[in-house]
Amino acid sequence: MYSPVESDQGFNFKPELPTSSAYYRLLKKLRRQVGHAIRDFKMIEDGDKVMVCVSGGKDSYTLLDILLQFKRIAPIHFDVVAVNLDQKQPGFPEDVLPKFMEENNIPYYILEKDTYSITKRLTPEGKTYCAVCSRLRRGSLYGFAQEIGATKVALGHHRDDIMATFFLNLFHGGSLKAMPPKLLSSDKKNILIRPLAYVEEKDIIKYAEMRKFPIIPCNLCGSQENLQRAMINDMLREWDKQYPKRLHSIFGAMQNVSPSQLADRDLFDFEALDSQREFDMKCDTEESKKRLDVVNLSFAAD
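Residues numbered from 1 in each chain as written. Predicted model: local features only at pLDDT ≥ 70, side-chain atom pairs only at ≥ 80, totals over all residues. Heavy atoms only, no water.

- Per an unreviewed UniProt entry, the chain carries the name tRNA-cytidine(32) 2-sulfurtransferase and comes from Acinetobacter defluvii.
- Checking UniProt for the chain, the heading Sequence similarities (unreviewed entry) contains the comment "Belongs to the TtcA family."
- The UniProt entry for the chain carries the following comment under Subcellular location (unreviewed entry): "Cytoplasm". (UniProt positions renumbered as here; feature names shortened; annotations may be inferred.)

Below, the structure is given as structure tokens:
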């Protein structure tokens, strides 16, 4: 099922870094945001083995890079291993990721599984590949995480991905949900973390360009037109240009949910409001009576 290729170089991450002040300002910002996300959701703990899913895109390169830096300076010990799933897409440059990992002495595995053909076969004509592709990819990666003893699976989704998923579900799925920064997989075997949850995509784009990561484009779903997610992303970028604080406000709303102000009967017990009112009114009456008794006692003492 798998054809793993493991680096035996060990960990000795010494890349050639940019030297501009703009780079260091951006790096400081990214490290601060990733650090806050890890702290807020307790993503990484002492002794963890973090499997970073690396696709060859800007997001996963950035995630791997920042986590490797944290590994060097963190007050706790944790291991980082990069894992790429080679889905056998036609024209996929199989040498790019191994070369990058070995040049930087990063422990890695390459999993070879032809999910491309399966996705093409199972996806109805005219439909997008994303649903089938992501399901097959998750199954392969999550299973492999168990094989290598990974305690956390790190994914490269950023703040804009989380908001795009929220609006996709809102507009097309009839539900209020997105991608949580930390999640227990449906089979209860893997804990998924998204350390880039607070990071804006535009900052990742800048960082990837500065670091000159060897980006590998997706020629499967990325080649399809009229993807709903792409349309949502365009909407978010336009909002960001016209109303710079809007996306910050939207993401803040996801962290400030008021179940009683929505309409989910499973999330909030609306039927109990009548009995709660009666209980509160009874408590208020008893409290008022106590206050009157105290006042009357005072008058009696005088």
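## Here's the deal with the packing of aromatic side chains
The geometry of two aromatic rings is summed up by the distance between their centres and the angle between their planes.
Reasoning step 1: Here the structure, examined in full by the defined rule, presents 13 aromatic pairs.
Reasoning step 2: With 6.1 Å between their ring centres and 80° between their planes, Tyr-198 and Phe-251 make a pair best called edge-to-face. One end of the pair, Tyr-198, is in the loop between strand E6 (191-193) and helix H7 (201-211); the other, Phe-251, is in helix H9 (residues 246-254), and 53 residues separate them in sequence.
Reasoning step 3: The class of Tyr-198 is buried, set by a relative accessible area of 16%.
Reasoning step 4: A relative accessible area of 9% means that Phe-251 is categorised as buried.
Reasoning step 5: Feature note: the residues Tyr-23, Tyr-24, Tyr-61, Phe-100, Tyr-207 and Phe-213 constitute an aromatic cluster, connected by ring pairs.
Reasoning step 6: The cationic tip of Arg-246 hangs over the ring face of Trp-239; the distance from NZ or CZ to the ring centre is 4.9 Å.
Reasoning step 7: The ring of Tyr-243 has Arg-246 lying over it, and the distance from NZ or CZ to the ring centre is 4.1 Å. (Phe/Tyr/Trp six-rings, centres within 6.5 Å; stacked < 30°, edge-to-face > 60°. Helix = DSSP H or I, 4+ residues; strand = E, 2+ residues; numbered from the N terminus. Buried < 20%, exposed > 50% of the residue type's maximum accessible area, 1.4 Å probe, protein only. Lys NZ or Arg CZ within 6 Å of the ring centre and 35° of its normal.)

## A word on the packing of helix H6 (residues 159-173) against helix H8 (residues 228-242)
Reasoning step 1: Interhelical geometry of H6 versus H8 gives an angle of 115° and a closest axis separation of 9 Å. For the pair H6 and H8, the crossing hand works out as right-handed. Across the interface between the two elements, Asp-160, Asp-161, Met-163, Ala-164, Thr-165, Phe-167, Leu-168, Phe-171 and His-172 from H6 touch Gln-228, Arg-229, Ile-232, Asn-233, Met-235, Leu-236 and Trp-239 from H8. (Axes fitted to C-alpha atoms, helices over the stretch in contact; angles between N-to-C directions. Left-handed = near helix turned anticlockwise from the far one by under 90°. Contact = heavy atoms within 4.5 Å.)

## Regarding H6
Reasoning step 1: When the terminal C-alpha atoms of H6 are compared, their 20 Å separation across 15 residues agrees well with the 21 Å that a helix rising 1.5 Å per residue should span.
Reasoning step 2: Among the 15 residues in H6, 11 count as buried, and that is most of the element.
Reasoning step 3: Considered for burial, the residues of H6 that qualify are Arg-159, Asp-160, Asp-161, Ile-162, Met-163, Ala-164, Thr-165, Phe-166, Phe-167, Leu-168 and Asn-169.
Reasoning step 4: Phi turns positive one or two residues past the end of H6, at Gly-174, with a value near 65°. (Expected span 1.5 Å × (residues − 1).)

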